[in-house]
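# Secondary and tertiary structure notes
Below are the chains, spelled out letter by letter.
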Amino acid sequence: MANHSETTGPFDDSDIPGREPSASASAHETQVTLRTPAELADALPYLLGYRPEDSMVLVALHDREGRGRFGGRARLGIPAGEEDWQAAARQLARGLVLGSERRGARPEQMVAYVCQEPAPGESGLDVKRRLEGLAHRLRTECGDLDVPVIEALCISDGRFWSYCCPTKGCCPDDGSPMGLPGTSVLAAAATYAGLQVRGTLRELRARLQPWETTAALEQEIALDAAGMSLVPRILDEASRAAVAEETLSLAERIIRRFAAAAPVSGAHPADLRDDDLVGHDEAATLILGLQDRTTRDRAAAWMEGDEAGPALRLWRTLARRCVGPYGEHAAAPLTLAGWVAWSTGDKLEAREALAMALGADPDYLFARLLHQACNEGLDPEAIRRCLRGQGAEQHAARQVSGPAELSGRPGPDPTEPVRPEPVRIASSAPHAVAHPAEDPGATTSARTGTRRRRRVRSADGDGPRAAGAAHGRRRPAGSGPGPRQSATEASRPGGRGAGATRTRAADPAGDRTGAARTRGDNDEQERDR
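In this report, we go over the structure that sits alongside the text.

Each value, and the rule that gives it
- Residues numbered from 1 in each chain as written.
- Predicted model: local features only at pLDDT ≥ 70, side-chain atom pairs only at ≥ 80, totals over all residues.
- Heavy atoms only, no water.
- Helix = DSSP H or I, 4+ residues; strand = E, 2+ residues; numbered from the N terminus.
- Buried < 20%, exposed > 50% of the residue type's maximum accessible area, 1.4 Å probe, protein only.
- Contact = heavy atoms within 4.5 Å.
- Areas by Shrake-Rupley, 256 points an atom, 1.4 Å probe, with all protein chains shown as cover.
- Core = buried A, V, L, I, M, F, W, Y, C linked by side-chain atoms within 4.5 Å.
- Expected span 1.5 Å × (residues − 1).
- Bend = angle between axes of the 7 residues up to and from the residue.

Per the secondary structure count, the protein chain includes 19 helices and 10 strands. Relative to its 529 residues, the protein chain shows a buried fraction of 53%. Taking all contacts inside the protein chain whose residues are at least 6 apart in sequence as the whole, residues at least 24 apart take part in 72%. Just so you have it, the protein chain exposes about 22600 Å², and 52% of that area is on carbon and sulfur atoms.

Counting 61 residues, the largest nonpolar core has Trp302, Leu314, Trp315, Leu318, Trp339 and Trp342 as its most contacted members. Counting residues per element, this core draws most heavily on helix 13 (residues 331–343), which supplies 9 residues. In contact with tryptophan 342, other than residues within four places in its own chain, are Lys347, Ala350, Leu370, Ala373, Cys374, Leu378, Asp379, Pro380 and Ile383. Membership of the second largest hydrophobic core comes to 30 residues, among which are Met56, Ala74, Ala89 and Ala135.

Looking now at the environment of proline 148. Within the secondary structure, proline 148 is located in the loop between helix 4 (132–144) and strand 6 (149–156). Along the sequence, proline 148 and proline 107 sit 41 residues apart, while their C-alpha atoms lie 9.5 Å from each other. In this structure, proline 148 is in contact with Glu108, Gln109 and Met110, ignoring residues within four places of it in sequence.

What follows covers helix 7 (residues 215–235). An ideal rise of 1.5 Å per residue puts 30 Å on 21 residues; helix 7 measures up with 29 Å between its terminal C-alpha atoms. Residue glycine 227 marks the point of greatest curvature in helix 7, where the axis turns by about 35 degrees. Within helix 7, the full set of buried residues consists of Ala216, Gln219, Glu220, Ala222, Leu223, Asp224, Ala226, Gly227, Leu230, Val231, Ile234 and Leu235.

Next up, the structure:
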């Protein structure tokens, strides 16, 4: 096989996605030189930290003394429709190149990958031929940015193909077999450096997705019951602080319970153990209590030391309990899971959890700020210091370029102190369980037929929302995110009145961050910009 390229990469934290390599190699770095397409194909899981599925990936190379050195990595799911390939390729290339430029490390070259398993009745060679147009678009978009792609690989069905063969007979038509996992020099170097390769993103997301078992109905009933008892107390300013203390006290007890539990081997058995340690009523109380922004910020302080591991397990457990119409409530525990993962150095789970939080609620400000900060490669210690003294959201806003850039509309001034916010909630009436069609806190998706439970939210989208006119409280003038509505609009079925909480139809893709929909994957870009 032809020697298409040669790159050298260190295996230390500088090559973890989310950060550019440091300017000088440290004395303890393990240098590995990759000279062939086979070695580049084998390197991909170690560069990303997981085995990609249905993915298009770009890896930046920087010229260091005549040799390429790995830089940033970016991934998008492969759009299902070919008409979306051009836009996705442009987004991926521009995101990585421009993000690297912002850090003063523009890449000189790229390596491109397209990874997809064959559909039923399809072979790996069929996949290679079908995705050739996508690989060509990646090369073209990078070339338009004056960053040539020196190698483009297709990985499918345990084999790989190069789209950059200099001659027609350079590589076998049926591809070359991938090496056995863990058997290469690269795998040994990664193990020595302490790098962990996960399974797939699908397996990682499964730990955070809501139950779809028979127990989900029991959990939904518990959430309905807890809402009827907790919502009036959250609406009452005199009792709101007591609800916060009860929520945090319960969370602390369960964290200690998790810490004392016997360890088990494997992610799935560990999750089953944790599920058994939390009752339905306990989970419902915590899920609803964490919708309050102040309570959530105080819970985020369990982020380091011996408390971080059990806390992360608890937030995963609560995310799995946001079942049925309570899917939007998962934004709080998913954001906490993402924050603790990032704080403890697991950027991969952090990005996925925060992306899922934004899938549950695209307006969730704390998740947006943390997601951008993590992707920007910022140091979480600045936010940890703030959380030790509280005020996490305000400090996170100062660490990124600002929420206006994320949302496309003017955002709050992070230099302003956060004022106490009145509460608005579309609560579930006692008859809601028996008569869901009459429940003002639930809607039906025209596409999916699923009910969505309206959630206690803050005025900025994070915690308890400002009370509507029915509760005698209103938002300060001009503070709303959108234009005011007329009385006619407010009175229409499904209209957003002055005190109404907005609901959204379920999105089958569960993701809104990419340029195009993907096949079974989030359109989320994991960048080392």
